[in-house]
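Letter by letter, the chains look like this.
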2 protein chains.
Amino acid sequence: AKLTLVICHVMQESLLSSASGYSNYRGILNWCVVMLVLSNARLFLENLIKYGILVDPIQVVSLFLKDPYSWPAACLMIVSNVFVIATFYTERRLAVGKISESTGLMLHGLNLTAILVFPVVMVLCVTSLTPVGGVLSLGIYTILFMKMYSYKDTNRWCREIRLAKVKRLTRSNSCPSVTRLSGKTHVSYPGNLTYRDIYYFVFIPTLCYELNFPRSPRIRKRFLLRRLFEMVRGHWMVPTVQNSMKPFQVQAVPNHLIWLIFFYWFFHSSMNFVAELMQFGDREFYRDWWNSETVTYFWSNWNIPVHKWCLRHFYKPMLRKGVNKFMAQTAVFLASAFFHEYLVSIPLRMFRLWAFSGMMAQVPLAWFVGRFLNGNYGNAAVWMSLIIGQPVAVLMYVHDYYVIHYGTSE
Amino acid sequence: AKLTLVICHVMQESLLSSASGYSNYRGILNWCVVMLVLSNARLFLENLIKYGILVDPIQVVSLFLKDPYSWPAACLMIVSNVFVIATFYTERRLAVGKISESTGLMLHGLNLTAILVFPVVMVLCVTSLTPVGGVLSLGIYTILFMKMYSYKDTNRWCREIRLAKVKRLTRSNSCPSVTRLSGKTHVSYPGNLTYRDIYYFVFIPTLCYELNFPRSPRIRKRFLLRRLFEMVRGHWMVPTVQNSMKPFQVQAVPNHLIWLIFFYWFFHSSMNFVAELMQFGDREFYRDWWNSETVTYFWSNWNIPVHKWCLRHFYKPMLRKGVNKFMAQTAVFLASAFFHEYLVSIPLRMFRLWAFSGMMAQVPLAWFVGRFLNGNYGNAAVWMSLIIGQPVAVLMYVHDYYVIHYGTSE
């Protein structure tokens, strides 16, 4: 055998140097989870002993309602069907030409306004609704508003395409091409105007209507159970949230952790659970916002359903109407600020504009971070604004709420 | 313009689902740093006010020495040159054939034993050395032991190759091929036996000797300054470490954080700083141990210089001698356990075998994790063993140390 010295060192950078281009830190995510579990171990054990594996249902319900035996939030949800049916019938009539486009627009306008105003009236009048129940009801109605808006827009676009095709047909006298994807039934307008279709759209975790959603081939039982387990585990956090609601015991760090847990619980576990159940194929509910190096990147990647909706039904239509980019962006931020305020002020029955200001403060912040910081420093600045900014806004409302209701901030 | 509906949803998995194969969590690392800084902000500010940007040097020195004006640790370091020179002259004489291979082996054996025994005697006899100074001295002598071992092994291999070449030459009568890499001077045996070469090896951050190390083309000033800044910043942690040395105020979580900070400070900042200064090209001081899914992966990736040395000078030579794999692995763990104990017991002047047992406990732990857990669960188990295991071992020594020296555990 020929003897040679094996080379022992080669030219290379350390993994943590930015020059290495390395970025696989999956383990760090697990570390965070382990640290979170260990530092809350006492709480976890206490809850396990007090409430058992499952949380006492009445205790959970009492968060939403003062009187667990009257169900205003549930009633509000049942009533919401009225608005879905109204949208559906308006579209049906528009499809067959029984009403004109302008009449349709007016009917939709009335219906959409009603979707936003009706729950406000209910929340302000029905006193048995707690703030949590109020936020929940308003949240669901806001989602419904965005869904119905998308539904009427998409159907209008379909009618415009149908009209253009008819015009071309009369000109060229050729047959319309029927697209049929391999094996799958491909629905085309107005074949989509069925109860089954609109209710499928109401229940799937997206805000943008489409005639043919991508469908997953089957329900993966293990995946479903894992997400369900995560969702249930999330309930253990309820007492933590209750504790942190006490004014001035609220600290920035635990508040931020609650937001992170909520993000995982809602955007990963719950949305994936519902999507798996409905065999809805598009699971992009968030992108890699944790790597955001600018504030803009964060806002356009942490909540993809809303971002997609804003782009499709608000920003792009404005650009098509000739509004310039900066104005359109500011309008999106204004609308977003309005909805943030709407979801907070009304359930708390306080009009303070903290949420609105918080959202609008993002515009100069985005400019500052984008102008002066980049790379890991930009990312750190985004995290700082999340860790400090969010709890400050929350604290403002909590403080004012306690001052109003208990006359003291202690 | 032809009107068409833009497709809005495509089939895809969420990024956090393991099915997505996504793993870029660089932002989570930044989040950890931000959280660490924020939760230590008070401490940082206090130190800044108390000590200014730079730490009081006498205060730092007092950690290492009881009497800051006698320097036993520094003297020990100066004396260590004797062992380097002894190794060097033994090799010089071996190269020219003035002493036989067996005499060389004996001289090296004596010298290496002296490297390990001499500082032990000094640490146990010189009472002005604090435990921290003792650990530092023993650590440096252990590094020297491994370096000198590698030096003598590599030079012996070179002689074996030279011998084999001479034999081939006398058989085939052909000229030896002189390898000369493009532009760079390529050193070959015995041209490497110079003071400059051996001292370069002593100062670079690696334990494995090679005749031609990869060299970085130039010293990057910005890189150097950044690492220096990180190294100095590390000193702010000194009061935290002092606080956590108080017995039973030691908790698992802060202890683990100190280890993580130490890891970054030593394996990333300091080693890269020295390597940049010495234009040493191979910066692989650690691999992605944070993603470890098995205990074995962690041990072979968190400390690459030691891992490389064990493989090259201990494990592989054993395999070549016909030892089976399991026995060789166990021998490596035993040697590692011995050095852990050596570095802890002697400076503390306590022989308790906690470090030895801790290292040996890794063998059944590795078996358990490898047998029952994988993927993210395996990774979480490795983290758990780090977060809980390390501080328990440290606590044992701290407890016993206080009982011996202060007669109480309070």
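Residues numbered from 1 in each chain as written. Chains lettered and ligands numbered in written order. Predicted model: local features only at pLDDT ≥ 70, side-chain atom pairs only at ≥ 80, totals over all residues. Heavy atoms only, no water.

**Structural notes on the nonpolar core**
Formed by 146 residues in total, the largest nonpolar core has its most connected members in Trp289(A), Tyr286(B), Trp289(B), Trp290(B) and Trp383(B). When sequence neighbours within four positions are dropped, the list of residues in contact with Trp290(B) reads Leu15(A), Leu16(A), Tyr22(A), Asn24(A), Tyr25(A), Gly27(A), Ile28(A), Asn379(B) and Trp383(B). (Core = buried A, V, L, I, M, F, W, Y, C linked by side-chain atoms within 4.5 Å. Buried < 20%, exposed > 50% of the residue type's maximum accessible area, 1.4 Å probe, protein only. Contact = heavy atoms within 4.5 Å.)

**Here we look at the interface of chain B and chain A**
Across the contact, 76 residues belong to chain B and 76 residues belong to chain A. Between chain B and chain A, the buried area comes to about 6,800 Å², and carbon and sulfur atoms account for 65% of it. Looking at the side of chain B facing chain A, the largest losses of area belong to His9(B), Leu16(B) and Trp31(B), adding up to 11% of the total buried there. Between chain B and chain A we count 47 residue pairs in polar contact (both at pLDDT 80 or more) in total. For the side of chain B that touches chain A, the secondary structure elements donating two or more residues are helix 1 (26–39), helix 6 (131–172), helix 8 (221–234), helix 10 (252–277), helix 12 (304–320) and helix 16 (375–406) of chain B. Per element, the largest residue contribution to the side of chain B that touches chain A is 10 residues, and it comes from helix 1 of chain B. Its residues assigned to classes, the side of chain B that touches chain A comprises 41 nonpolar, 19 polar and 16 charged. (Buried area = accessible area lost by both parts, 1.4 Å probe. Polar contact = N/O pair within 3.5 Å; in protein donor to acceptor, adjacent residues only side chain to side chain. Helix = DSSP H or I, 4+ residues; strand = E, 2+ residues; numbered from the N terminus. Nonpolar A, V, L, I, M, F, W, Y, C, P; charged D, E, K, R; others polar.)

**Brief notes about unusual backbone geometry**
Between Tyr189(A) and Pro190(A) the backbone carries a cis peptide bond, its omega angle lying at 0 degrees. Examined against the element boundaries, Pro190(A) turns out to sit in the loop between helix 6 (131–172) and helix 7 (195–203). A positive phi angle, near 55 degrees, is found at Arg349(A), a position not held by glycine. Along the polypeptide, Arg349(A) turns up in the loop between helix 13 (325–348) and helix 14 (354–360). Residue Arg349(A) is classed as partly exposed on the basis of its relative accessible area of 35%. In the Ramachandran plot, Leu353(B) falls in the positive-phi region, its phi being about 65 degrees despite a non-glycine side chain. With respect to the helices and strands, Leu353(B) occurs in the loop between helix 13 (325–348) and helix 14 (354–360).

**Section: the UniProt feature "transmembrane region" (unreviewed entry) in chain A**
Residue and element names in this part refer to chain A. UniProt tags residues 28–49, 69–89, 110–143, 257–275, 326–344, 351–369 and 381–404 as "transmembrane region" (unreviewed entry). The annotated region residues 257–275 carries 100% helix and 0% strand content, and the separation between its end C-alpha atoms amounts to 26 Å. The distance from the first to the last C-alpha atom of residues 381–404 is 34 Å, and the span holds 100% helix and 0% strand. (UniProt positions renumbered as here; feature names shortened; annotations may be inferred.)

**Points about the relation of the copies chain B and chain A**
Note on the copies: chain B fits chain A at an RMSD of 0.1 Å, the axial shift is 0.0 Å, and the rotation between them is 180 degrees. The two molecules are tied by a two-fold rotation axis, judged by turn and shift. (Least-squares fit on C-alpha atoms with pLDDT ≥ 70 in both.)

**What about the side chain of His268(A)?**
Structurally, the position occupied by His268(A) is in helix 10 (residues 252–277). At 2.7 Å, the side chain of His268(A) forms a polar contact with the side chain of Tyr286(A). The residues contacting His268(A), other than those within four sequence positions of it, are Arg227(A), Glu230(A), Phe263(A), Tyr286(A), Ser14(B), Leu16(B) and Ser17(B).

**Considerations on the packing of helix 4 (residues 72–95) of chain B against helix 5 (residues 101–125) of chain B**
Residue and element names in this part refer to chain B. Between helix 4 and helix 5, whose axes approach to 10 Å, the crossing angle comes to 175 degrees. Considering the angle they form, helix 4 stands roughly antiparallel to helix 5. Judged by residue contacts, Leu76, Val79, Phe83, Ala86, Thr87, Thr90, Glu91 and Leu94 of helix 4 engage Glu101, Gly104, Leu107, His108, Asn111, Ala114, Ile115, Phe118, Pro119 and Met122 from helix 5. Considered class by class, the residues forming the contact of helix 4 with helix 5 number 11 nonpolar, five polar and two charged. (Axes fitted to C-alpha atoms, helices over the stretch in contact; angles between N-to-C directions. Parallel < 35°, antiparallel > 145°, perpendicular 65-115°, else oblique.)

**Thoughts on the pattern of salt bridges**
Residue and element names in this part refer to chain B. Tallying each qualifying case throughout the model produces 24 salt bridges over all chains. For the salt bridge of Glu101 with Arg159, the shortest nitrogen-to-oxygen distance reads 2.5 Å. One end of the pair, Glu101, is in helix 5; the other, Arg159, is in helix 6, and 58 residues separate them in sequence. Since its relative accessible area comes to 39%, Glu101 is described here as partly exposed. Since its relative accessible area comes to 8%, Arg159 is described here as buried. The closest approach of N and O atoms between Glu160 and Arg156, which form a salt bridge, is 3.3 Å. Separated by four residues within a single helix, Glu160 and Arg156 lie in helix 6, roughly one turn from each other. (Salt bridge = Lys/Arg side-chain N within 4 Å of Asp/Glu carboxyl O.)

**Here's the deal with the state of the cysteines**
For the structure shown, the criterion picks out zero disulfides over all chains. Not engaged in a disulfide, the cysteine Cys310(A) finds its nearest cysteine sulfur in Cys208(A); these two sulfurs lie 9.0 Å apart. Classification of Cys310(A) as buried rests on a relative accessible area of 16%. Here Cys125(B) stays unpaired: no disulfide links it, and the sulfur of Cys75(B), its closest cysteine neighbor, is 15 Å away. Residue classification places Cys125(B) among the exposed positions, given a relative accessible area of 55%. (Disulfide = S-S within 2.5 Å.)

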